[in-house]
Amino acid sequence: MAINAETHLYGIIGNPVNHSLSPLIHNTLFQRLKINAVYMAFEVEKNSLGLAFEAMRALGLRGVNITIPFKETAINFIDEIPENVDRRVGAINTIVNRDGQLYGYNTDGTGFLIALKEELSFNPQGKKILVLGAGGAARAVVFALARAHADRIMIYNRTQERAKGLSDYVAEHFPETGIEVLENLEMISTKKPTLVINATSLGMKTGDKSPMDLHRLNHSVSVYDLIYSPNETPFLKQAKALHWPYANGLGMLAAQAAVSFELWTGEKTGVREAMHEVLKKCITS
Ligand code: NAP
């Protein structure tokens, strides 16, 4: 599509943003669906976020994604978070501009739950789940599991205080969810998780070890790794060798983007699958 006076502008606001794959997948879908829109990456200085939002209103950007480090502070610059669950998470990654009013959403958790369903046929309801890590991604995952009515969420993190902070926040906002911080993984088998999730960044770099030896479990579990590059981390290689169901984070990346795309354009059919295909092509092992 040619860019003209009626082209709608979307984008991603973060710092850094130069490695973001969001422009690629959103622009691909705009072109395929013949939507007159473009998606740009905006690297914003940490103390200029308010200015970026003023610009969004003044220039009439139709929507943006928000990424590190602004997912929490962006809430201060919008008009409303329509969904109760997004308010409880306390972080947003998608803004929709409807007639000058800015609405905030968090599609990370929904994207994660879609990926679990589509790729592992896993429904967290009533399940015991082990989450490795306690950073920003782990937070989105733990909140998604809590809202999907997991029976018990166990968190193990190298820095235990960070896991404790996450656990306290979940206990406050989702009092119905059982949540536990593990000091180590020695007795993990007795806790009988049915899903283990790597939400640490361990596995991204060549030479990284696995965040957990899956042989500690004496039963088959589903295994999800949020990392998508490389596409098979040491953690996933072990799951594969054990013949357990496993998936990498590419499906979550595609699904959260597809939910944003639907919020902006109303288009849903085939979007997630098309984004997943585009991503697979540009991620090498
Ligand atoms: P983050 O906030 O920096 O958190 C990093 C986490 O990894 C912390 O729990 C940290 O533990 C742990 N960690 C780092 N190095 C470690 C090591 N050597 N040994 C043990 N633990 C270690 O990062 P994030 O935003 O949560 O991202 C985590 C991963 O998720 C990244 O690989 C990111 O690419 C991926 N991710 C994927 C998606 C997706 O859509 N698929 C979305 C978001 C993030 P400490 O607390 O002890 O430092």
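Residues numbered from 1 in each chain as written. Predicted model: local features only at pLDDT ≥ 70, side-chain atom pairs only at ≥ 80, totals over all residues. Heavy atoms only, no water.

1. With respect to the sheet that holds strand β7 (residues 152–156)
In a beta sheet, neighbouring strands are held together by backbone hydrogen bonds and run either parallel or antiparallel to one another. Cut-off, in case you're wondering: Whether two strands pair depends on DSSP finding at least two bridges between them. For the purposes of this entry, the term helix denotes a DSSP run of H or I that reaches at least four residues, the term strand denotes a run of E that reaches at least two, and both are numbered from the N terminus. Any two residues having at least one pair of non-hydrogen atoms within 4.5 Å are treated as being in contact. Axes, fitted as lines to C-alpha atoms, cover a helix only where it is in contact. Angles between the N-to-C directions of the axes lie from 0 to 180 degrees.
Spatially, the six strands line up as an open sheet ordered β8-β7-β6-β9-β10-β11, and their pairing is parallel. Since the sheet does not close on itself, it has two edges, and those belong to β8 (178–181) and β11 (246–247), each with one partner. Across four bridges, the pairing between strand β9 (residues 195–198) and strand β10 (residues 222–225) is parallel. In the strand pairing of β10, asparagine 198 is matched with aspartate 225. Helix α8 (residues 234–241) rests against β6 (128–132), β9, β10 and β11 of the sheet, and its axis sits at about 160° to β10.

2. A few points about the site of the ligand
The cut-off we apply is this: Any residue with at least one heavy atom within 4 Å of a molecule or strand is counted as near it. For the purposes of these results, a polar contact is taken to be a pair of N or O atoms within 3.5 Å, where, inside protein, one atom must be able to donate a hydrogen and its partner to accept one; residues adjacent in sequence count only when each atom of the pair is a side-chain atom. The Shrake-Rupley method, run with a 1.4 Å probe sphere, supplies the accessible areas, and residue values consider only the shown protein chains as cover. Each residue receives one of three labels: charged for Asp, Glu, Lys and Arg, nonpolar for Ala, Val, Leu, Ile, Met, Phe, Trp, Tyr, Cys and Pro, and polar for the others, Gly being one of them. The split of the chain into domains comes from an automatic or database domain assignment.
Taken together, 21 residues are adjacent to the ligand, and Ala137, Asn157, Thr159, Arg162 and Gly249 come closest. At 2.9 Å from an oxygen atom of the ligand is found a side-chain nitrogen or oxygen belonging to arginine 158. Between the ligand and leucine 226, the relevant distance is 2.9 Å, taken from a nitrogen atom to a main-chain nitrogen or oxygen of the residue. In the complex, 75% of the free accessible area of the ligand, which totals 920 Å², lies under the protein chains. Contributions of two or more residues to the shell around the ligand are made by α5 (136–147) and α9 (250–265). Residues of the shell around the ligand, tallied by class, amount to 11 nonpolar, eight polar and two charged. Residues lining the shell around the ligand come from more than one domain, with at least three contributed by each of domain 1 (8–106 + 251–284) and domain 2 (109–248).

3. Some remarks on empty space enclosed by the protein
Quick note on the threshold: In this analysis, the protein atoms alone were mapped onto a 1 Å grid. Cavities are point sets where a 1.4 Å probe fits without being able to get out; pockets are open sets with protein on both sides within 12 Å along at least five of seven lines; lining residues have an atom within 4 Å of a point. Grid points are joined across faces, edges and corners, and a volume is the space filled by probe spheres set on the points.
For the structure on display, the rule yields one cavity of 30 Å³ or more. Estimated volume of the largest cavity: approximately 50 Å³. Broken down by secondary-structure element, the contributors of at least two residues to the lining of the largest cavity are α3 (84–89) and α5. A per-class count over the lining of the largest cavity returns four nonpolar, two polar and two charged.

4. Things to note about the environment of alanine 257
With respect to the secondary-structure elements, alanine 257 resides in helix α9. Between the C-alpha atoms of alanine 257 and asparagine 65, which are 192 residues apart in sequence, the distance is 8.8 Å. Those residues within four positions of alanine 257 in sequence are excluded, and the remaining contacts are Ile25, His26 and Met275.

5. Some thoughts on α8
So the rule is basically this: Exposure is judged per residue with a 1.4 Å probe applied to protein chains only, and the accessible area is read against the type maximum: over 50% gives exposed, under 20% gives buried, and values in between give partly exposed. Here, the arc refers to the directions that run from the helix axis to the C-beta atoms.
Taken residue by residue, α8 has Phe235, Leu236, Gln238 and Ala239 as its buried positions. The buried residues of α8 all sit within an arc of 155° when viewed along its axis, so they share a single face. Downstream of α8 by one or two residues, histidine 243 has phi in the positive range, about 65°.

6. Digging into the packing of aromatic side chains
Remark: the centre distance and the inter-plane angle together describe each pair of aromatic rings, the angle taken between the planes. So the rule is basically this: When the centres of two rings from Phe, Tyr and Trp lie within 6.5 Å, Trp using its six-membered ring, the rings pair. Their planes under 30 degrees apart give stacked, over 60 give edge-to-face, and anything left gives tilted. Lysine and arginine charges are scored as sitting over a ring when NZ or CZ, respectively, is within 6 Å of the ring centre and within 35 degrees of the ring normal.
Overall, the coordinates contain eight aromatic pairs when judged by the stated rule. Arranged with centres 5.3 Å apart and planes meeting at 35°, the rings of tyrosine 10 and phenylalanine 30 form a pair that is tilted. A residue pair is termed long-range when its members are at least 10 positions apart, and tyrosine 10 in strand β1 (residues 8–14) and phenylalanine 30 in helix α1 (residues 22–32) qualify at 20 residues. With a centroid separation of 5.7 Å and 85° between ring planes, the pair formed by phenylalanine 112 and tyrosine 224 is classed as edge-to-face. Placement of the pair is phenylalanine 112 in helix α4 (residues 108–120) and tyrosine 224 in strand β10, with a sequence separation of 112 residues. Comparing phenylalanine 112 with tyrosine 224 shows no difference in burial state: the two are buried. Grouped by ring-pair contacts, the aromatic residues Tyr10, Phe30, Tyr39, Phe261 and Trp264 constitute a single cluster. The ring of tyrosine 103 has arginine 98 sitting right over it, with the charged end atom 4.9 Å from the ring centre.

7. Things to note about the domain arrangement of the chain
Filter applied, for reference: Two parts placed together each lose some accessible area; with a 1.4 Å probe, that loss summed over both constitutes the buried area. Criterion for a salt bridge: a side-chain nitrogen of Lys or Arg within 4 Å of a carboxyl oxygen of Asp or Glu.
Each domain of the chain was delimited in the assignment, giving domain 1 (8–106 + 251–284) and domain 2 (109–248). Taking only C-alpha atoms into account, the centre of domain 1 sits 26 Å from that of domain 2. Of the residues lining the interface, 17 residues belong to domain 1; the matching set on domain 2 comes to 22 residues. Across the domain 1 to domain 2 interface the summed buried area is about 1,500 Å²; carbon plus sulfur atoms make up 61%. If you sort the residues of domain 1 by the area they bury against domain 2, Arg88, Val89 and Met252 come out on top, with a joint share of 39%. Joining domain 1 to domain 2, the criterion identifies one salt bridge. Residue glutamate 118 pairs with arginine 272 through a salt bridge whose shortest N-O separation is 3.4 Å. Across the domain 1-domain 2 interface, the total number found is four residue pairs in polar contact (both at pLDDT 80 or more). Of all the secondary structure elements, the ones that give two or more residues to the side of domain 1 that touches domain 2 are α3, α9 and α10 (271–282). Residue contributions to the side of domain 1 that touches domain 2 peak at six residues, all from α9. Class assignment of the residues belonging to the side of domain 1 that touches domain 2 gives a composition of eight nonpolar, six polar and three charged.

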